[in-house]
Amino acid sequence: MKQQLALVDCNNFYVSCERTFRPDLAQVPMVVLSNNDGCVVSRSNEAKALGVKMGQPWFECKVLAEEHGILAMSSNYALYADLSNRVMHILAGFSPRSEVYSIDECFVDLTGTPKLREVSYAMRERVGMWTGMPVCVGIGPTKTLAKLANHVAKKHPRSKGVFNYNALSEAQKAQLLQRIPVQEVWGVGRKLTQKLALHGVSTALDLREAHTATLRAELGVVMEKTQRELQETACMDLQEVQSDKRQIISSRSFGSMVSELPVLQDALSTFVANACTKLRAQGGQASVIQVFLQTNRMRKDLPQYTPSLAVPLPYPTNDSLEVNRWVAHLCERMFKPDYLYKKAGIMLSEISPEAHRQGDLLEPETTSNARLMQALDKLNLRYGRGAVKVSSQGALAGWQMRQERKSPNYTTGWDEVPLV
């Protein structure tokens with residue numbers, strides 16, 4: 001039986017999240033901005049039609065925004081994550097096998113499902129009714145072809161948001177792939193597009209029919225897998241269980257440049273809390289801590305300084321208090337008062353399962369705060385991130401992210417729940 005793999009993708013996800021609680025913005029051209037209101041990371045169809053580009057700095061769009069009344073919103077990650085979880089929970093009800101690929105995309109295995117088209121429209125309707133999210137469904141025998149089918153479902157109104165590549169004849173498949181530029185194929189970026197052009201490959205059909213041995217020799221095994229996926233040979237299975245991370249990075253650009261050590265340590269303390277929460281959630285412990293600082297690389301008129309220090313721990317740990325002490329010490333060693341810092345972050349690496357612990361005869365083990373960390377995580381899960389924190393976390397306001405256009409946390413904050 002041919003595999004019926006559906007990719008369900010939320011349309012203009014961040015913008016759609018904002019519109020869910022603001023129906024008056026349904027036809028308004030709008031964008032959502034990145035951290036510190038820097039660049040465009042999501043656009044409504046109306047904004048796309050006006051020429052706003054993905055990743056474009058917002059200051060470049062201000063004249064166009066004033067001329068056409070484009071509304072800009074700051075990113076509200078708590079809202080987006082919550083609505084994403086609701087969408088994925090709904091989709092999981094349609095099949096026992098699914099893979100959450102990103103915050104707005106999910107692969108759902110519908111192989112053997114009767115009345116496939118009706119089920120696909122039911123998925124769209126249920127997600128739209130229960131969450132307000134508009135979604136499109138693309139179905140294919142492989143992940144790559146499901147991605148292309150979803151692209152067709154979005155671009156062509158006649159599909160009504162659902163397109164099944166498996167339902168086409170061989171002639172129709174070739175005709176469709178001939179119309180799709182090769183850069184629209186999953187995993188083919190700008191540089192690969194240029195390299196493929198040197199071999200006469202400009203469409204998805206060209207890539208499917210290219211000489212396999214030459215393709216592998218010139219561009220590697222990953223490109224060969226992409227070609228075989230276009231030839232309907234599945235090379236990428238569904239990942240139903242998310243594997244544990246081998247590294248955890250927590251960093252952020254500051255809302256304004258920082259020149260004081262306590263402010264840097266305050267920011268890093270917040271990053272430690274976020275990283276260690278993720279580490280404990282996967283039952284892991286880290287053996288190496290790395291801290292880095294960065295000045296503003298875009299300001300050529302300012303002196304540049306990008307230090308980084310890593311330290312192996314005597315014992316692997318996931319204790320926020322212990323990690324925070326090491327991070328504060330490393331930050332103090334790297335800090336130089338003559339620079340203006342724009343970004344900082346930490347990385348936890350050499351991660352191993354918490355149950356695996358190697359003793360050391362020469363280094364006495366510190367007292368474990370496992371029960372304290374467990375209580376901390378439970379309280380923050382119940383009352384919201386940062387409800388309980390160390391005293392050095394979030395006490396200073398010089399580094400916080402700039403969010404001048406942020407919407408309320410409609411679904412995650414009791415004080416901000418919409419009133420009717």
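What counts, and at which threshold
Residues numbered from 1 in each chain as written. Predicted model: local features only at pLDDT ≥ 70, side-chain atom pairs only at ≥ 80, totals over all residues. Heavy atoms only, no water. Pairing = 2+ DSSP bridges. Helix = DSSP H or I, 4+ residues; strand = E, 2+ residues; numbered from the N terminus. Axes fitted to C-alpha atoms, helices over the stretch in contact; angles between N-to-C directions. Buried < 20%, exposed > 50% of the residue type's maximum accessible area, 1.4 Å probe, protein only. Contact = heavy atoms within 4.5 Å. Phe/Tyr/Trp six-rings, centres within 6.5 Å; stacked < 30°, edge-to-face > 60°. Lys NZ or Arg CZ within 6 Å of the ring centre and 35° of its normal. Expected span 1.5 Å × (residues − 1). Arc of directions from axis to C-beta.

As a further point, take the sheet that holds strand E4 (residues 71-74). With respect to topology, three strands assemble into an open sheet ordered E3-E2-E4, the strand pairing being mixed. Edge positions in the sheet fall to strand E3 (40-43) and E4, since each has one partner strand and no second. The sheet shows a mean angle of 30° between the axes of neighbouring strands, direction not considered. The sheet contact formed by strand E2 (residues 30-33) and E4 spans four bridges and is parallel. Bridging across to E4, valine 31 finds its partner in alanine 72.

Take the side chain of asparagine 12 next. Assignment of secondary structure puts asparagine 12 in the loop between strand E1 (5-10) and helix H1 (13-20). When its relative accessible area of 18% is taken as the criterion, asparagine 12 is described as buried. Beyond its immediate sequence surroundings of up to four residues, asparagine 12 is in contact with Ser42, Arg43, Ser44, Asn45 and Lys48.

Our next topic: the packing of aromatic side chains. Taken as a whole and judged by the stated rule, the model has 11 aromatic pairs. Relative to tyrosine 80, the ring of tyrosine 14 lies with its centre 4.3 Å away and its plane at 15°, an arrangement referred to as stacked. Residue tyrosine 14 is located in helix H1, and its partner tyrosine 80 is located in helix H4 (residues 77-92); the two are separated by 66 residues in the primary sequence. No difference in accessibility class separates tyrosine 14 from tyrosine 80, as the two residues are buried. What links up through ring pairs into an aromatic cluster is the set Phe13, Tyr14, Tyr77 and Tyr80. The ring centre of tryptophan 130 lies 5.4 Å from the NZ or CZ of arginine 126, which sits over that ring. A cation over an aromatic ring shows up here: lysine 143 above the ring of phenylalanine 107, its NZ or CZ 5.1 Å from the ring centre.

Relative to the 20 Å expected for 14 residues at 1.5 Å per residue, helix H14 (residues 370-383) spans 20 Å between its end C-alpha atoms, a close match to the ideal helical length. Among the residues of H14, those classed as buried are Met373, Leu376 and Asn380. Buried residues of H14, viewed axially, fall in a sector of 60°; they line one side. Along H14, the residues that are exposed and aim more than 90 degrees away from the buried face are Arg371, Lys378, Leu381 and Arg382. Those residues of H14 that are buried lie in contact with helix H12 (261-281) and helix H13 (320-334). Remark: glycine 384 follows H14 within two positions and exhibits a positive phi of approximately 105°.

Our next topic: the sheet that holds E1. A sheet is described by the order of its strands in space; here five strands give the open sequence E5-E6-E1-E7-E8, paired in mixed fashion. This sheet does not close on itself; its edge strands, each paired only once, are strand E5 (98-102) and strand E8 (162-164). Taking each pair of neighbouring strands and ignoring which way they run, the sheet shows an average axis angle of 15°. By the bridge criterion, five bridges tie E1 to strand E6 (residues 105-109) in an arrangement that is antiparallel. Across the sheet, leucine 5 pairs through a bridge with aspartate 109, a residue of E6. Of the strands in this sheet, E1, E6, strand E7 (135-140) and E8 touch helix H5 (residues 116-131), which is tilted by about 155° from E7. Across the sheet, helix H6 (residues 143-155) is in contact with E1, E5, E6, E7 and E8; its angle to E7 comes to roughly 140°.

The analysis is restricted to geometry; functional conclusions fall outside its scope.
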